[in-house]
Structure formats: structure tokens, C-alpha cells
Amino acid sequence: AKAKGRNATQFFSAEMNARAYEDLLMSKALRDALERDQFILHYQPCVSLVDNRMTGVEALVRWHHPEQGVIPPSTFIPLAERNGLIGQLGHWVFREACEQTARWRMAGLPPVRVAINVSARQFNRRGLIQEIAKLIADNGLTPRDLHMEITESMMMENPERAQEVLRSVAEMGMDIAVDDFGTGHSSLSYLKDFPIHYLKIDRSFVMGLPEDQGALAIVKAILAMAHNLNLKVIAEGVETAAQRDILAELGCDEAQGYFFSRPRRASELTRLLEANQAL
Ligand code: C2E
Ligand code: CA
Ligand code: CA
Ligand code: CA
């Protein structure tokens, strides 16, 4: 039994070493990627459910790896959080989004807001607010041009700290959206204590609409509560006309999803904004 235990330990540590080694390789690749500008932002339209017109876009980062092709953020954001590169990456995302927003403004295109995702460790870094304020000023923008998306779990991890940071963001004039709402098992009563403006209903609830009675009940409850708290609601992951229709009927304010548009590169978004048509 003792020998067996040792083998198991060796096996696990070998596996762990392999994973640590892979992490190390990827970390190095990520660091190189930051230096070589291998990241790109795609933008997904968000539309009003009243007239299907674009109200904003969400910036979504991709990594164009020279050998592995396009790597999705679900792979490298968690890695960047573990190895501490999230600060640099997050800064790149904010700067790139600000520069693109400024280009759209200069071109006289409809002033849609640009939503930026902020991850947990990035959110807890000191100096985040000053960093954001500087990027906004450097690009001739105002905080109203941008939205910050944070997740429920980020607010719940350290509620006092989160309140403090979010208050500064809101005082600056930037609207705040709570992302993936409904998945973070937060106590709903907390919401009223945070200076937030939008809830984004997670795709997992939208997916079941309109047939799934459970999903329908949850979406209705979120809408009722949010509207009572004077928050606007954005449904994410809308893929069908039936989903769009039921959400509009229930009074959901805005929506995002493949039904309207996939995330697209900036140049394609420019053409969409120029056309300024309902999606
Ligand atoms: P998220 O913030 O919930 O973003 C929505 C994700 O759903 C995006 O995946 C988007 O491409 C995808 N999506 C949009 N509409 C549909 C739809 O109709 N159907 C389906 N199946 N999917 C849809 P993506 O771009 O792979 O991003 C994944 C996650 O990575 C994001 O989830 C966000 O948490 C994170 N992320 C992306 N960009 C950034 C960033 O710049 N900074 C940080 N911190 N996180 C980011
Ligand atoms: Ca988001
Ligand atoms: Ca989301
Ligand atoms: Ca989501």
C-alpha cells in the first residue's frame, strides 16, 4: 500500500509538473505576444430591443498565435490572471478600445458606447482608476463613452473593496454592467448597495427561451427586480428570432448575440456603424 501511495504521488507530481511546464511555456508565449502586438479586439453589437438599433458594442479580445491560430480569451485570460500578466493585457485592451472609440468619434459615426471587460485581478489592482482616467483623457474621450463590465463574483469576493472601486468608476461617469448575471449566486439584496447601471443576463438562461419554463421564470424575475432597482437589462447570447421576440415582449431593454451579429473586427464594425441600420 505504501509503494502504491508513493507511485500515486509520483504520478500526480509528474502530471502537475507537466501542467506547470505547459503554463510556463504559455506564459512566455503570452509575454512575447504582448511585445509583438499579437492581440486584436473584436466588437460585438448590442442593440435596443425597442428598434433593433445599435446602442453599443462590447470589446472582446483575441490572441492571434503565430502557430496555434486564434486563441479564445477563455484560454488565456485565466492564464494571464495566474501569471500576473493581466495588468499589462488589461491595459492593452483599454488603450486599444479607447483608440478605436476615438477613431469612430472622429469619423463622425453614431456615438455608440464601448463596453470593456475587466477581470478579477485587474479589478483589484491599485491605480486602476487613474490608469483608466488617463487613457480616456489621452484619447479625447469622456467616461460616458465607455462601459465597464464586471462579474457578480468579483463584487461578492470582497464587497467593501468592490464598492469602493465601483463608486470611483461611477463618480467618474462611467456606467457599470454586471456580466453573466444569475450565475454567480450573489445575494440579490446586495445589488442595491452597488452603483451599477446594467445587468447582463447570462446566455445559459437565454438559451432555454422561449420553451423552458424554468429559464422563463428566472428571466422574468431578473427583469422585474432589475427594473424595480432602476437598472437596465441586456440579454446575452440571443441566437434566434424567437428568443429576441420573447425578450422584447417581456420588456428586456437590450440584447446581444449571434442573431444580431457575431463579434467583428473594427473595420467591419465601422461599415455597420456607417449604415446605421437596425440589425
Ligand atoms: P463574456 O463577457 O460573457 O462575453 C460573451 C461571450 O459570448 C463572447 O465570447 C462572445 O463571442 C460570445 N457570444 C456572443 N454572442 C453569442 C451567441 O449568440 N452565442 C454564443 N454561443 N456565444 C456568443 P468570447 O469572445 O470567447 O469571450 C469569452 C469571455 O472571455 C468573455 O465572456 C469574457 O469573460 C472574457 N473576455 C473577453 N475579452 C476580454 C477582455 O478584453 N478582458 C477580460 N478581462 N476578459 C475578456
Ligand atoms: Ca462581457
Ligand atoms: Ca457576459
Ligand atoms: Ca456569459
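Bear in mind the structure is a predicted one, so any value in this text is a computation, not a measurement.

Rules behind the numbers
- Numbers given for residues are sequential positions, taken from 1 along each chain in its written order.
- By the order in which they are written, chains take letters starting at A while ligands take numbers starting at 1.
- Reporting in this predicted model follows two pLDDT cut-offs: at least 70 for local features of residues, and 80 or more for side-chain atom pairs to be given and counted; totals over whole chains, interfaces and linings ignore these cut-offs and use all residues.
- Calculated side-chain values reflect all of the structure's heavy atoms, with hydrogen atoms and water omitted.
- Note on conventions: DSSP H or I runs of at least 4 residues are helices, E runs of at least 2 residues are strands, and numbering of each starts at the N terminus.
- It is over C-alpha atoms that the radius of gyration is taken, and the globule rule equals 2.2 Å times the number of residues to the power 0.38.
- Here the term buried applies to any residue with accessible area under 20% of the maximum for its type, exposed to any over 50%, and partly exposed to those in between, with areas from a 1.4 Å probe on protein chains only.
- By definition, residues are in contact when any of their heavy atoms lie within 4.5 Å.
- Here, Shrake-Rupley sampling with a 1.4 Å probe gives the accessible areas, and only protein chains in the shown set may cover a residue.
- By the counting scheme adopted, Arg and Lys are positive, Glu and Asp are negative, and His together with the chain ends is not counted.
- Where a charge lies is defined by one atom per residue type, namely NZ (Lys), CZ (Arg), CG (Asp) and CD (Glu).
- As a rule, N, O and S atoms within 2.8 Å of a metal are its donors, except that Na, K and Ca use 3.2 Å; water is not among the atoms, so sites may look incomplete.
- Throughout, nonpolar core names a set of buried Ala, Val, Leu, Ile, Met, Phe, Trp, Tyr and Cys residues whose side chains join them through atoms within 4.5 Å.
- Between 30 and 60 degrees the pair is tilted, below 30 it is stacked and above 60 it is edge-to-face, where a pair is any two Phe, Tyr or Trp rings, Trp via its six-membered ring, whose centres lie within 6.5 Å.
- Here, a charge over a ring is recorded when the distance from Lys NZ or Arg CZ to the ring centre is within 6 Å and its angle to the ring normal is within 35 degrees.
- One heavy atom suffices: a residue is near a molecule or strand as soon as one of its heavy atoms comes within 4 Å of it.
- A 3.5 Å cut-off defines polar contacts: any pair of N or O atoms within that distance qualifies, except that in protein one atom must be a possible hydrogen donor and the other a possible acceptor, and neighbouring residues in sequence count only when both atoms are side-chain atoms.
- Throughout, the protein atoms alone are placed on a 1 Å grid, and a set of points is a cavity if a 1.4 Å probe fits but cannot get out or a pocket if it is open with protein on both sides within 12 Å along at least five of seven lines; lining residues have an atom within 4 Å of a point.
- Each molecule is assigned to a cavity or pocket provided more than half of its atoms lie within 2 Å of the corresponding grid points.
- Grid points are joined across faces, edges and corners, and a volume is the space filled by probe spheres set on the points.
- The residue classification treats Ala, Val, Leu, Ile, Met, Phe, Trp, Tyr, Cys and Pro as nonpolar and Asp, Glu, Lys and Arg as charged. All others, Gly included, are polar.
- Helix span is expected to be 1.5 Å times the residue number reduced by one.

(A) Structural context of the overall build of the chain. The helix and strand inventory of the chain stands at 11 helices and 10 strands. Relative to the 2.2 N^0.38 estimate, which gives 19 Å for 279 residues, the radius of gyration of the chain is 21 Å and therefore close to what a compact globule would have. Taken over the C-alpha atoms alone, the chain extends approximately 70 × 45 × 35 Å along its principal axes. Across the 279 residues of the chain, 48% fall into the buried class. For the chain, the share of sequence-separated contacts (at least 6 apart) that also reach a separation of at least 24 residues comes to 68%. Carbon and sulfur atoms make up 52% of the accessible area of the chain, which amounts to about 14,100 Å² in all. Once the 31 positive and 36 negative side-chain charges of the chain are each reduced to a mean point, those two points are 5 Å apart.

(B) Representation of the coordination of the calcium ion (ligand 3). For the calcium ion (ligand 3), every protein donor is listed as Asp 179 (OD), Asp 180 (OD), Glu 236 (OE) and Glu 236 (OE), and the spread of their distances is 2.0 to 2.9 Å. As a motif over one chain, the donors of the calcium ion (ligand 3) read D-D-x55-E. The metal-metal distance between the calcium ion (ligand 3) and the calcium ion (ligand 2) is 3.6 Å, with Asp 179 coordinating both. Of this pair, Asp 179 sits in strand β6 (residues 175-181) while Glu 236 is found in the loop between β8 (232-235) and α10 (241-249), placing the two residues 57 residues apart along the sequence.

(C) Broad picture of the nonpolar core. Residues Phe 39, Phe 123 and Leu 199 are the most contacted members of the largest nonpolar core, which totals 84 residues. Those residues within four positions of Phe 39 in sequence are excluded, and the remaining contacts are Leu 30, Ala 33, Leu 34, Val 61, Arg 62, Trp 63, Phe 76, Leu 89 and Trp 92.

(D) Structural detail: the packing of aromatic side chains. Under the definition given, this model contains 6 aromatic pairs. On the numbers, 5.8 Å between centres and 90 degrees between planes, the contact of Trp 63 with Phe 76 is edge-to-face. With Trp 63 in strand β2 (residues 54-65) and Phe 76 in helix α2 (residues 73-83), this residue pair connects regions lying 13 residues apart in the sequence. Here the aromatic cluster, defined as three or more aromatic residues joined through ring pairs, consists of Phe 39, Trp 63, Phe 76 and Trp 92. Here the guanidinium or amino end of Arg 113 rests over the ring plane of Tyr 198, the centre of that ring lying 5.1 Å away. The ring of Tyr 258 has Arg 262 sitting right over it, with the charged end atom 3.9 Å from the ring centre.

(E) Fine view of the site of ligand 1. Surveying the vicinity of ligand 1 reveals 21 residues, the closest of which are Gln 44, Arg 62, Asp 179, Glu 239 and Tyr 258. A distance of 3.1 Å separates a nitrogen atom of ligand 1 from a polar atom in the backbone of Val 61. Between ligand 1 and Arg 62, the relevant distance is 2.8 Å, taken from an oxygen atom to a side-chain nitrogen or oxygen of the residue. Bound to the protein, ligand 1 loses 81% of the 800 Å² it would expose on its own. A molecule is said to occupy a pocket when more than half its atoms come within 2 Å of that pocket's grid points, and by this definition ligand 1 occupies the largest pocket. Within the residue set of the shell around ligand 1, elements represented by two or more residues are β2, α2 and β6. Element by element, the count of residues in the shell around ligand 1 is highest for β2, at 4 residues.

(F) The coordination of the calcium ion (ligand 4), seen in detail. Note on the calcium ion (ligand 4): its protein donors are Asp 180 (OD), Asp 202 (OD) and Glu 236 (OE). The metal-donor distances range over 2.3 to 2.8 Å. Read in sequence order, the donor residues for the calcium ion (ligand 4) give the motif D-x21-D-x33-E.

(G) Highlighting the layout of surface pockets. Looking at the largest pocket, its volume works out to about 1,000 Å³. In terms of lining residues, the largest pocket is bounded by 38 residues, among which Glu 58, Leu 60, Pro 73, Asn 117 and Asp 179 are the most central. When residues of the lining of the largest pocket are traced back to their parent elements, those giving at least two are β2, α2, α3 (86-106), α4 (120-123), β5 (146-151), β6 and α8 (203-206). Residue classes in the lining of the largest pocket are distributed as 16 nonpolar, 11 polar and 11 charged.

(H) Local environment of helix α9 (residues 213-228). With 16 residues, α9 ought to run about 22 Å at 1.5 Å a step, and its terminal C-alpha atoms sit 22 Å apart, in line with that. What α9 keeps buried is the set Ala 215, Leu 216, Val 219, Ile 222, Leu 223, Met 225 and Ala 226. Tucked into the core, α9 has its buried residues touching β6, β7 (198-201), α8, β8 and α10. Two or three places before Gly 214, at the start of α9, stands the capping residue Asp 212, its side-chain oxygen 2.8 Å from that residue's backbone nitrogen. Of the residues flanking the end of α9, it is Asn 230, one or two places downstream, whose phi is positive at about 65 degrees.

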